Amino acid sequence: MSELTGRLSVFKTYKLYVGGKFPRSESGRVYEVTDSKGTWLANAPLASRKDARDAVVAARKAFGGWSGATAYNRGQILYRIAEMLEGRRDQFTAEVAAAEGLSKAKAAAQVDAAIDRWVWYAGWSDKVAQIAGGANPVAGPYFNHSAPEPTGVVAVLAPQESSFLGLVSVIAPAIVTGNTVVVAAAENTPLPALSLAEVLATSDLPGGVVNILSGRTAELSAPLAAHQDVNAVDLAGADEALAKDLETAAADNLKRVLRPAPVNWTADPGTGRLLAFLETKTVWHPMGV
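What counts and how
- Residues numbered from 1 in each chain as written.
- Predicted model: local features only at pLDDT ≥ 70, side-chain atom pairs only at ≥ 80, totals over all residues.
- Heavy atoms only, no water.
- Core = buried A, V, L, I, M, F, W, Y, C linked by side-chain atoms within 4.5 Å.
- Buried < 20%, exposed > 50% of the residue type's maximum accessible area, 1.4 Å probe, protein only.
- Helix = DSSP H or I, 4+ residues; strand = E, 2+ residues; numbered from the N terminus.
- Contact = heavy atoms within 4.5 Å.
- Pairing = 2+ DSSP bridges.
- Axes fitted to C-alpha atoms, helices over the stretch in contact; angles between N-to-C directions.
- Parallel < 35°, antiparallel > 145°, perpendicular 65-115°, else oblique.
- Nonpolar A, V, L, I, M, F, W, Y, C, P; charged D, E, K, R; others polar.
- 1 Å grid on protein atoms, 1.4 Å probe; cavity = no way out; pocket = protein on both sides within 12 Å on 5 of 7 lines; lining within 4 Å.
- Points joined across faces, edges and corners; volume = space filled by probe spheres on them.
- Phe/Tyr/Trp six-rings, centres within 6.5 Å; stacked < 30°, edge-to-face > 60°.

So, on to the nonpolar core. Among the nonpolar cores identified, the biggest contains 60 residues, and Trp118, Phe164, Ile171, Ile175, Leu196 and Val210 are the most heavily contacted of them. With 9 residues, the top contributor of residues to this core is helix α6 (residues 165–176). Once residues lying within four places of it in the same chain are set aside, the contact partners of Ile175 are Trp66, Arg74, Leu78, Trp118, Val181, Leu205, Val209 and Val210. With 25 residues, the next largest nonpolar core counts Val56, Ala155, Ala225 and Leu242 among its residues.

A few words now on the sheet that holds strand β3 (residues 134–135). Taken in spatial order, the 3 strands line up as β3-β4-β10 in an open sheet, and their pairing is antiparallel. Sheet topology places β3 and β10 (278–286) at the edges, where each strand pairs with a single neighbour. Pairing of strand β4 (residues 142–150) with β10, which is carried by 9 bridges, proceeds in the antiparallel orientation. Within the sheet, the bridge partner assigned to Phe143 lies in β10 and is His285.

Our next topic: the packing of helix α4 (residues 104–124) against α6. Between two packed helices, what matters for the description is the angle formed by their axes and the separation of those axes. For the pair α4 and α6, the least separation of the axes is 9 Å and the interaxial angle reads 10°. Our classification of the angle between α4 and α6 gives roughly parallel. From α4, Gln110, Ala113, Ala114, Arg117, Trp118 and Tyr121 reach across to α6, where they touch Leu165, Val168, Ser169, Ile171, Ala172, Pro173, Ile175 and Val176. Its residues placed into classes, the contact of α4 with α6 shows 11 nonpolar, 2 polar and 1 charged.

Within this model, the largest pocket holds a volume of roughly 330 Å³. Taken together, 23 residues form the lining of the largest pocket, with Lys12, Thr13, Tyr14, Ala42 and Asn43 sitting closest to its centre.

Turning our attention to the packing of aromatic side chains. Taken as a whole, this structure holds 5 aromatic pairs when the rule is applied. Ring centres of Trp120 and Tyr121 lie 5.0 Å apart, and the angle between their planes is 85°; this geometry places the pair in the edge-to-face category. Of the residues examined, Tyr121 reaches a relative accessible area of 1% and is grouped as buried. Plain terms: the ring middles of Tyr142 and Trp284 are 5.4 Å apart, the flat faces sit at 70° to each other, and that makes the pair edge-to-face. Residue Tyr142 is found in strand β4, and its partner Trp284 is found in strand β10; the two are separated by 142 residues along the sequence. Overall, the relative accessible area of 33% leaves Tyr142 in the partly exposed class.

Dropping the structure here:
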């Protein structure tokens, strides 16, 4: 209770984000989230295997509409997310500062970089086909044309060391090309991810395109890596031992796997993650004579 106003403090209740809605974990479990000094910040939902399966169902349901949208429309939506984050910059700065033990200035720089990254990937939406596809030279009376298409449902383990900039850097490139994602937020610093869900829900992003779970990374990643309706996994937030186990599980239905590697999240991201979850469709067509 505040001594000056006599009011009780209103603490925020964080929830999962699945299918455009905000459910609590079906298990009813929560876990304590603390700042870098061990001070309690909030209780976050401790997602279960069933929550992970529900998120995959939501992502698959959203895939047809999202992958079928025009690249221009997807770019508009990503830019809208950046606009909304700009309006909540102070909130995310405070959450990143608490999560990562950064000064306000350094946390603000991370948030600004994350907003800029949404804009950067938004700009790629209608341009990626030019670098990942095109007409192929062939010896014969036919046209041969290759075009990139999204892989499908991607399970993403968010980076553990970068609660917001790293998170954006793995979500944005996956969805701008038409994939839908199920994200396991950083285990010890999930609050920026759960707050991002509130922004996504009030942008123009269709429900189910991004689904965000918080909890134990190993517990959530196992059912996602083994799930037969997940097409690819990004292991950015897995340690070496966990990554090896998940890669073995993913092989059961030949998932595409992006293994973890040291990344400077503040550096120019390049096009690596943009192209990581694309398939190439090649069409042959006879040439009229």
